[in-house]
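# Architecture and fold: a report
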Amino acid sequence: MAEAIDIRELNTRIEQQSAFVTNLTHGMDQVIVGQKHLVDSLLISLLSDGHILLEGVPGLAKTLAIKTLAQLIDADYSRVQFTPDLLPADVIGTMVYSQKDEKFHVKRGPVFANFVLADEINRAPAKVQSALLEAMQEHQVTIGSETFQMPSPFLVMATQNPIEQEGTYPLPEAQVDRFMLKVVIDYPTIEEEKAIIRENIQGGLPEVKPVTTAQEIIDARAVVRQVYIDEKIEQYIADIVFATRYPDRYGLGELKELIGFGGSPRASINLAKAARAYAFIKRRGYVVPEDVRAVAHDVLRHRIGLTYEAEATNVTSEEIVSKIINKVEVP
């Protein structure tokens, strides 16, 4: 009974704390037509202190989405266009010599912002990618002999274009694993497309004003961490991740030849965190199996390694995740 009261009290607290989610969603909807899943994914990353990798053809409002989110939160925003000639110093900063003081001073790079858009991350060489990924993972950057902490909140949204592979440096598995979510964006519907045309020929996008602060996001994260996850849900999350490693144990023997490697413990942690954030967005103080299913594709699609057999038969990690979710028993 005590537990039921706790959850009721938590629900009330979440109702109060999550009011800004409505304001953020409303603000995003004013600028971005459709792309509901993209907006939800950005909020999940933001509330879970994770980073997000977006894949989609050019022109699907990936850059516009994060820029709008930063404007709505009254936070610092920076954009780095990744190119093959980029250097790590162009991202994290460098030491600059001042003739006046006859000393070296630290000049911070664009990574020191609350929201960092790493545009076309697969266009930059490995050195630059790893410099950014250190900042993402450790929340700190070392320039010269000094170490600097990243601001809070700190969200990296990286984009990659799946079409053109000329002159790109695909992210290695260990680096892709650092992204909490990988979201694949599709074209808008025909109705949405008409709305986009109308909005853009009528004189541009509406002006965006801040509706919340960075501190409010930090406070909300503390509440998200209190969202209740039952033992049965924990078991469900562990089963889904284990089914990516040992599919034959879950009656999915046909997947054994298709999966090169399954999700790491990071997959389980991020599945739990994302499910919690999703429950918070839906104004609930506890996680239900539907929350786990809603975020499973985004958390797992980049964490499953495919074998040559899978690639030869055009099986995608997407289909593998769907099969696992449909097979693993729901508590």
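The residue numbers shown here count from 1 along each chain, following its written sequence. With the structure being a predicted model, the display of local features is reserved for residues of pLDDT at least 70 and the display and counting of side-chain atom pairs for 80 or more, all residues being used for whole-chain, interface and lining totals. The side-chain quantities take in all heavy atoms of the structure and omit both hydrogens and water.

The next point concerns the sheet that holds strand β8 (residues 155-160). The 5 strands lie next to each other as β2-β5-β8-β1-β9, forming an open sheet whose pairing is parallel. In this open sheet, the two edge strands, each paired with only one partner strand, are β2 (77-81) and β9 (181-184). The average angle at which neighbouring strand axes cross in this sheet is 20°, direction not considered. Both strand β5 (residues 115-119) and β8 contribute to a ladder of 4 bridges, which runs parallel. Among the inter-strand pairings, Val-116 is bridged to a residue of β8, identified as Val-156. Strand pairing is assigned whenever DSSP identifies at least 2 bridges connecting the two strands. Where helices and strands are cited, they refer to DSSP runs of H or I of at least four residues and of E of at least two residues respectively, numbered from the N terminus. All axes are obtained by fitting lines to C-alpha atoms, using only the stretch in contact for helices, and the reported angles, taken between N-to-C directions, cover 0 to 180 degrees.

With that settled, consider the packing of helix α9 (residues 214-224) against helix α11 (residues 265-281). Where α9 contacts α11, the two axes come as close as 10 Å, and the packing angle between them is 110°. By the angle between their directions, the pair α9 and α11 is classed as roughly perpendicular. Contact residues: Ala-220, Val-223 and Val-224 in α9; Arg-276, Ala-277 and Phe-280 in α11. The residue inventory of the contact of α9 with α11, partitioned by class, reads 5 nonpolar, no polar and 1 charged. Should an angle lie under 35 degrees it is considered roughly parallel, over 145 roughly antiparallel, and from 65 to 115 roughly perpendicular; all remaining angles are considered oblique. Should any heavy atoms of two residues lie within 4.5 Å, those residues are considered in contact. Polar here means any residue outside two lists: the nonpolar Ala, Val, Leu, Ile, Met, Phe, Trp, Tyr, Cys and Pro, and the charged Asp, Glu, Lys and Arg; Gly therefore counts as polar.

This part covers the environment of Ser-41. For Ser-41, the position within the fold is in helix α3 (residues 36-48). If we skip the residues at most four places from it in the chain, Ser-41 touches Ile-52, Leu-181, Val-183 and Asp-298.

Salt-bridge detection follows one rule: a side-chain nitrogen of Lys or Arg within 4 Å of a carboxyl oxygen of Asp or Glu. The final tally for this structure, using the stated rule, is 15 salt bridges. With its nearest N and O atoms 3.5 Å apart, the salt bridge here joins Arg-283 to Glu-15. One end of the pair, Arg-283, is in the loop between α11 and α12 (289-300); the other, Glu-15, is in helix α1 (residues 2-17), and 268 residues separate them in sequence. Judged by relative accessible area, Arg-283 falls into the partly exposed class, the value being 25%. Measuring nitrogen to oxygen at the nearest pair gives 3.2 Å for the salt bridge that ties Glu-55 to Lys-182. Taken together, the residues Glu-55 in strand β1 (residues 52-55) and Lys-182 in strand β9 connect sequence positions 127 residues apart. Take Glu-55 and Lys-182: they sit in the same class, and that class is buried. Any residue under 20% of the maximum accessible area for its type is buried, any over 50% is exposed, and the rest in between are partly exposed; the area is computed with a 1.4 Å probe on protein chains only.

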